[in-house]
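Summary of structural features
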Amino acid sequence: MDTLFKRVSIPVFTWTILLSLILTANTHAEPLVFLNWEDYIDPEVLADFHTETGIEVTQSYFEADEERDAHLINSEGKGYDLILVSGLMVESYVRNGWIEALPADLGEELSTIDRRWWNAFPAAEWYAVPYFWGTLGIAYRSDIVDSSIDSWMDIFQPSEQLQGKIAVLDSTRDTTGMALKALGYSLNTRKSLAFKEAITLLQAQGPHVGFYGLVDLDETSRLLSGDILAAMMFSGDALMLQDINEDIEYVLPKEGGNLWVDYITVSSSSTNKEAAWKFIKYLNKPEIAARQANFVYYAPPNNAALPLMDADFLDNKTIFPSKKALANSEFLQPLLPRYLKALDDQYQALMLENTAE
């Protein structure tokens, strides 16, 4: 008697073709585009993620927060799947509609992230995943500089030896913020007099600055050649260079510095959000987070990575400063638009003046 349904037999070669088409489609999917700082992710981690998932991640770089913001303003937040965001800007990016809210089910990979980094900035716990944290201080050549550096004034009012041989970030909030700290103010002051004093200090410093921007982090670095003797620098960047030359010293000045957290976010305009979240969860696997930290020399917010780190890493006071060392440091907080515009206008005018000379 005929059965109602008959088993359909598909030849082995047909299954092979179908499987090949599935794998090919996955492999040739559009790559995820990650707007990121340079040297801020382990390339081998990207390669392993591609091998494991078939998802390629490419990067687009920025050199300052203002440059990243400009990219997103000009593109209306489009063109990227993943965006590296400073804690300072998370709330602004949410208001602009540029970043996606966190999924309801974050997954176990994100459950071990320390809550203090979720809570450090408004809106972060709803829209952004902590990536790394660190400090902004001064790196200098201890084998060449005559006396140790322990104050922001050491580079804002440099000694004769340092004149023309200092590097300063080209960033409104970071650079003016450190000038404010040097003068005894909070990074987040709203006093117009304090802003004027900070700009005046930067004007006086201008003729002694070797260059404004990020110091290269490879063998070509001017801090290694001695063309630059002291630089405003992020903690992990200083350690990257210290790995090449142990005479590079990093100090968090006595006035305190900028304690910061970077977050990785998914762009609202991404057409492949599922793959983007998969990548973020992959980065937070304990073994991957530990590898990442070893590569970038920054502290991982994910507590599950810490037991996998070497004792030398965990004991490094540049990566994990003591409470005493951090006592005078602050998170940069958003300024009201009128304060920020006034400060940025003065800073940009100063940069034009200094680069024209």
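Right, let's walk through the structure included here.

Within the protein, the secondary structure is distributed over 15 helices and nine strands. A principal-axis box enclosing the C-alpha atoms of the protein has dimensions of 100 × 45 × 40 Å. Buried residues in the protein amount to 49% of all 357 residues. Taking as baseline every contact in the protein between residues at least 6 positions apart, the subset at least 24 positions apart corresponds to 74%. Side-chain charges in the protein split into 26 positive and 52 negative, and the spacing between the mean points of these groups amounts to 9 Å.

Okay, the pattern of salt bridges next. Evaluation of the coordinates by the stated rule reveals nine salt bridges. Note that Arg68 is salt-bridged to Asp65, the shortest N-O span being 3.2 Å. One end of the pair, Arg68, and the other, Asp65, are both in helix α3 (residues 65-75), three residues apart, so they sit about a helical turn from each other. Given a relative accessible area of 0%, Arg68 falls into the buried group. Take Asp65: its relative accessible area is 16%, and that puts it in the buried class. One salt bridge in this structure joins Asp69 and Arg68, with 3.2 Å as the shortest N-O distance.

What follows deals with the nonpolar core. Counting 116 residues, the largest nonpolar core has Tyr40, Leu82, Val129, Phe156, Met232, Ile264 and Phe279 as the members making the most contacts within it. Element by element, the count of residues in this core is highest for strand β4 (residues 129-141), at eight residues. Those residues in contact with Met232 that lie beyond four places of it in its chain are Leu136, Gly137, Trp152, Ile155, Phe156, Ala167, Val168, Leu169, Thr175 and Met178.

It is worth spelling out empty space enclosed by the protein at this point. Going through the model one piece at a time under the given rule, you end up with one cavity of 30 Å³ or more. As for the largest cavity, its lining consists of Val129, Pro130, Tyr131, Phe132, Ile264, Leu283, Asn284, Ala289, Gln292, Pro300, Pro301 and Asn302. Breaking the lining of the largest cavity down by element, the ones donating at least two residues are β4 and α13 (286-296). Broken down by element, the residue count for the lining of the largest cavity peaks at four residues, all from β4. Residues belonging to the lining of the largest cavity are distributed by class as follows: nine nonpolar, three polar and no charged.

With that settled, the discussion passes to the layout of surface pockets. Empty space among the atoms can be located by rolling a probe the size of a water molecule over them. A volume near 1200 Å³ is recorded for the largest pocket. Lining the largest pocket are 47 residues; nearest its centre among them are Asp65, Glu66, Asp69, Ser86 and Met89. Of all the secondary structure elements, the ones that give two or more residues to the lining of the largest pocket are α3, α4 (90-96), α8 (172-182), β9 (258-266) and α15 (337-356). Each residue belonging to the lining of the largest pocket can be placed in one class, and the counts come to 24 nonpolar, seven polar and 16 charged.

Next up on the list: the packing of aromatic side chains. Applying the stated criterion across every chain yields a total of 18 aromatic pairs. Ring geometry for Tyr131 against Phe132: centres 4.8 Å apart, planes inclined by 75 degrees, an arrangement best described as edge-to-face. You'll find Tyr131 and Phe132 in the same group, each marked buried. Consider the rings of Trp260 and Tyr298, whose centres lie 5.2 Å apart with planes at 75 degrees: the pair is edge-to-face. Taken as a pair, Trp260 in strand β9 and Tyr298 in the loop between α13 and α14 (311-314) lie far apart in primary sequence, 38 residues in all. The exposure classification of Trp260 matches that of Tyr298, with both residues buried. Every member of this aromatic cluster is reached through a ring pair, and the members are Trp37, Tyr40, Phe62, Tyr131, Phe132, Phe234, Trp260 and Tyr298. Of note, Arg222 hangs over the ring of Phe211, and the distance from its end group to the ring centre comes to 3.7 Å.

In this section: the environment of Val266. Here Val266 lies in strand β9. Along the sequence, Val266 and His50 sit 216 residues apart, while their C-alpha atoms lie 18 Å from each other. Setting aside anything within four residues of it in sequence, one finds Val266 in contact with Asp81, Leu82, Trp98, Ile99, Glu100, Lys273, Ala276, Trp277 and Ile280.

Attention shifts here to the packing of helix α2 (residues 43-53) against helix α12 (residues 273-283). Packed helices, taken two at a time, are described by the angle their axes make and the gap between the axes. Viewed as axis vectors pointing N to C, α2 and α12 meet at an angle of 125 degrees, and their least axial separation amounts to 11 Å. Looking at the two axes, α2 sits oblique to α12. As for the relative orientation of α2 and α12, their crossing is right-handed in sense. The segment α2 lies against α12, with Val45, Leu46, Asp48, Phe49, Glu52 and Thr53 engaging Ala275, Lys278, Phe279, Tyr282 and Leu283. When the residues that make up the contact of α2 with α12 are grouped by side-chain class, the tally is seven nonpolar, one polar and three charged.

What follows covers α13. Along an α-helix, a turn takes 3.6 residues, which lines up residues three or four apart on a common side. Three or more residues of α13 are buried, namely Ile288, Ala289, Ala290, Gln292, Ala293 and Val296. Those residues of α13 that are buried lie in contact with α2, β4, α11 (235-242), α12 and α14.

A large share of α8 lies buried, amounting to eleven of its eleven residues. The first or second residue beyond α8 is Gly184, which carries a positive phi of 90 degrees.

Conventions we followed
Residues numbered from 1 in each chain as written. Predicted model: local features only at pLDDT ≥ 70, side-chain atom pairs only at ≥ 80, totals over all residues. Heavy atoms only, no water. Helix = DSSP H or I, 4+ residues; strand = E, 2+ residues; numbered from the N terminus. Buried < 20%, exposed > 50% of the residue type's maximum accessible area, 1.4 Å probe, protein only. Contact = heavy atoms within 4.5 Å. Lys, Arg positive; Asp, Glu negative; His and termini not counted. Charge placed at Lys NZ, Arg CZ, Asp CG, Glu CD. Salt bridge = Lys/Arg side-chain N within 4 Å of Asp/Glu carboxyl O. Core = buried A, V, L, I, M, F, W, Y, C linked by side-chain atoms within 4.5 Å. 1 Å grid on protein atoms, 1.4 Å probe; cavity = no way out; pocket = protein on both sides within 12 Å on 5 of 7 lines; lining within 4 Å. Points joined across faces, edges and corners; volume = space filled by probe spheres on them. Nonpolar A, V, L, I, M, F, W, Y, C, P; charged D, E, K, R; others polar. Phe/Tyr/Trp six-rings, centres within 6.5 Å; stacked < 30°, edge-to-face > 60°. Lys NZ or Arg CZ within 6 Å of the ring centre and 35° of its normal. Axes fitted to C-alpha atoms, helices over the stretch in contact; angles between N-to-C directions. Parallel < 35°, antiparallel > 145°, perpendicular 65-115°, else oblique. Left-handed = near helix turned anticlockwise from the far one by under 90°.

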